[in-house]
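# Fold and contact review
Below are the chains, spelled out letter by letter.
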Amino acid sequence: MGIKRGTTLAAVAVAVVFTATACGGSDPAGDAAKPAGAVAAPSQAPSSGSPGSSGDGYGSDASAAGAAEAGPTGQLAVTQDEKLGSVLTDSAGFTLYRFDKDTAKPSKSSCDGDCAKTWPVVAAGDATAAAGMDPALLGEVVRTDGSKQLTVAGWPVYRFSKDTKAGDTNGQGVGGTWFAAAPDGKKAAKAAPPAAGAGQPSGALTVAKDPKLGDHIVDGNGMTVYRFKPDTAWPMVSKCEGDCVAKWPVVPPVDQANTKGIVQKNYLVLDRPDGKKQQTVDCWPVYTFTGDKKPGDINGQGVGGTWYPVAPNGKLITAQ
């Protein structure tokens, strides 16, 4: 666990040769990256439970014993909630919450006794970061009973006993103090849509690990980033147009300051014929896939024998 144009024809010729050398030619033999081995995080199916009432501001009830108490923490995940946006969950899909009466600096939990029965603490021991999440955000706090509780950006996190199945968010807003946690440790809240005419967000690009693919690039929402084999790096050309782009949206320009673990050589922006600006990695145009519904999905792997996830060095990951 627990991150210029030249003034002579000769000058122009030199510039062209340099750029061509920098970006390289078409995908050479051996361009495909081999996935590193990885071990799948443990998970456990939820058990049934009978949640009780929540009569006080904490939502506490000593008799509460819901399915959210079951299972190890495992590899965290990020799910998309219609009302809350990106929500952090445990490996079994149960929503993680934070408590306004806790503190993040220093990390301190104020939920003990009956409160902790209704809001089971999330153990720190086996927790690993979600795809696209900064592992440095994960930490732990030692509780009064000596156990170690997982923290996200310093905030202790909990499950809610009245969440009886994966995806439930019944703890949201309880007592005006309990809120679903976002991947950055803040309170989950759906981002407002951009104003009319606003440009595309800069987003982010980071590296995630998949049990099958190993290290691969994901965007700021944890969605897998892909390359299209018919594209070329020099000249930089995207062969995905029209209906193709509707299915494989281009990755908009991402500031280099918002990248982590990605090769930044030839990290350029492509001006497409359709007017969109597209990020490239080592001169290769990159995309996401509408068939991926949640962070960590790799449904675009090998589609049509032409679409593959992208390794941190910009190469294709073609191994199944």
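Residues numbered from 1 in each chain as written. Predicted model: local features only at pLDDT ≥ 70, side-chain atom pairs only at ≥ 80, totals over all residues. Heavy atoms only, no water.

### A few points about the state of the cysteines
What the rule picks out here adds up to two disulfides. Note that Cys-111 is cross-linked by a disulfide to Cys-115, the S-S spacing being 2.0 Å. Between Cys-111 and Cys-115 the sulfur-sulfur dihedral comes to about -110 degrees; the bridge is accordingly left-handed. As far as burial versus exposure is concerned, Cys-111 and Cys-115 are alike and both buried. Across a sulfur-sulfur distance of 2.0 Å, Cys-240 and Cys-244 are joined as a disulfide pair. In this structure the cystine formed by Cys-240 and Cys-244 twists about its S-S bond by roughly -110 degrees; its chirality is therefore left-handed. A relative accessible area of 21% places Cys-244 in the partly exposed class. (Disulfide = S-S within 2.5 Å. Buried < 20%, exposed > 50% of the residue type's maximum accessible area, 1.4 Å probe, protein only.)

### Some remarks on the environment of Lys-148
Within the secondary structure, Lys-148 is located in strand S7 (residues 148-152). Separated by 27 residues in sequence, Lys-148 and Val-121 place their C-alpha atoms 9.1 Å apart. For Lys-148, the residues in contact, after removing those within four places along its chain, are Val-122, Ala-123, Ala-124, Glu-140, Val-141 and Val-142. (Helix = DSSP H or I, 4+ residues; strand = E, 2+ residues; numbered from the N terminus. Contact = heavy atoms within 4.5 Å.)

### Some points on the packing of aromatic side chains
Within the structure shown, the criterion is met by 12 aromatic pairs. Arranged with centres 3.8 Å apart and planes meeting at 0 degrees, the rings of Trp-119 and Trp-178 form a pair that is stacked. Remark: Trp-178 occurs in strand S9 (residues 178-180) and Trp-119 occurs in the loop between helix H2 (114-118) and strand S6 (138-142); sequence separation between them is 59 residues. Ring centres of Tyr-226 and Phe-289 lie 6.2 Å apart, and the angle between their planes is 80 degrees; this geometry places the pair in the edge-to-face category. In this pair, Tyr-226 sits in strand S12 (residues 226-228) while Phe-289 sits in the loop between strand S17 (284-285) and strand S18 (307-309), placing the two residues 63 residues apart along the sequence. Across the pair, exposure class does not vary: Tyr-226 and Phe-289 are buried alike. Cluster of aromatic residues (ring-pair linked, three or more members): Tyr-97, Phe-99, Trp-119, Tyr-158, Phe-160 and Trp-178. Just above the ring of Phe-179 sits the side chain of Lys-187; from NZ or CZ to the centre is 4.3 Å. Cation over ring: Arg-227 sits above Trp-284, and NZ or CZ is 3.8 Å from the ring centre. (Phe/Tyr/Trp six-rings, centres within 6.5 Å; stacked < 30°, edge-to-face > 60°. Lys NZ or Arg CZ within 6 Å of the ring centre and 35° of its normal.)

### Describing the environment of Lys-212
Along the chain, the position of Lys-212 falls in the loop between strand S10 (205-210) and strand S11 (214-219). Judged by its relative accessible area of 62%, Lys-212 is exposed.

### Quick notes on the sheet that holds S7
Pairing within the open sheet is antiparallel, and its three strands lie in the order S6-S7-S8. Two strands bound the open sheet, and with one partner strand each, they are S6 and strand S8 (155-156). As paired strands, S6 and S7 are joined by five bridges and run antiparallel to one another. Each residue of the ladder has a partner; that of Glu-140, found in S7, is Leu-150. (Pairing = 2+ DSSP bridges.)

### Notes on the pairing of strand S1 (residues 77-81)
Relative to strand S2 (residues 85-89), S1 runs antiparallel, the two sharing five bridges. Bridge pairing links Thr-79 to Val-87 in S2. Once S1 ends, the chain turns through three residues before running back antiparallel as S2.

### As for the pattern of salt bridges
Following the criterion strictly, the structure yields 11 salt bridges and no others. Between Lys-148 and Glu-140 there is a salt bridge, and its shortest N-O distance comes to 3.5 Å. Note that Asp-274 and Arg-272 form a salt bridge whose closest N and O atoms lie 3.1 Å from each other. Judged by its relative accessible area of 6%, Arg-272 is buried. (Salt bridge = Lys/Arg side-chain N within 4 Å of Asp/Glu carboxyl O.)

Note that every value here comes from positions in space, so none of it alone points to a role or purpose.
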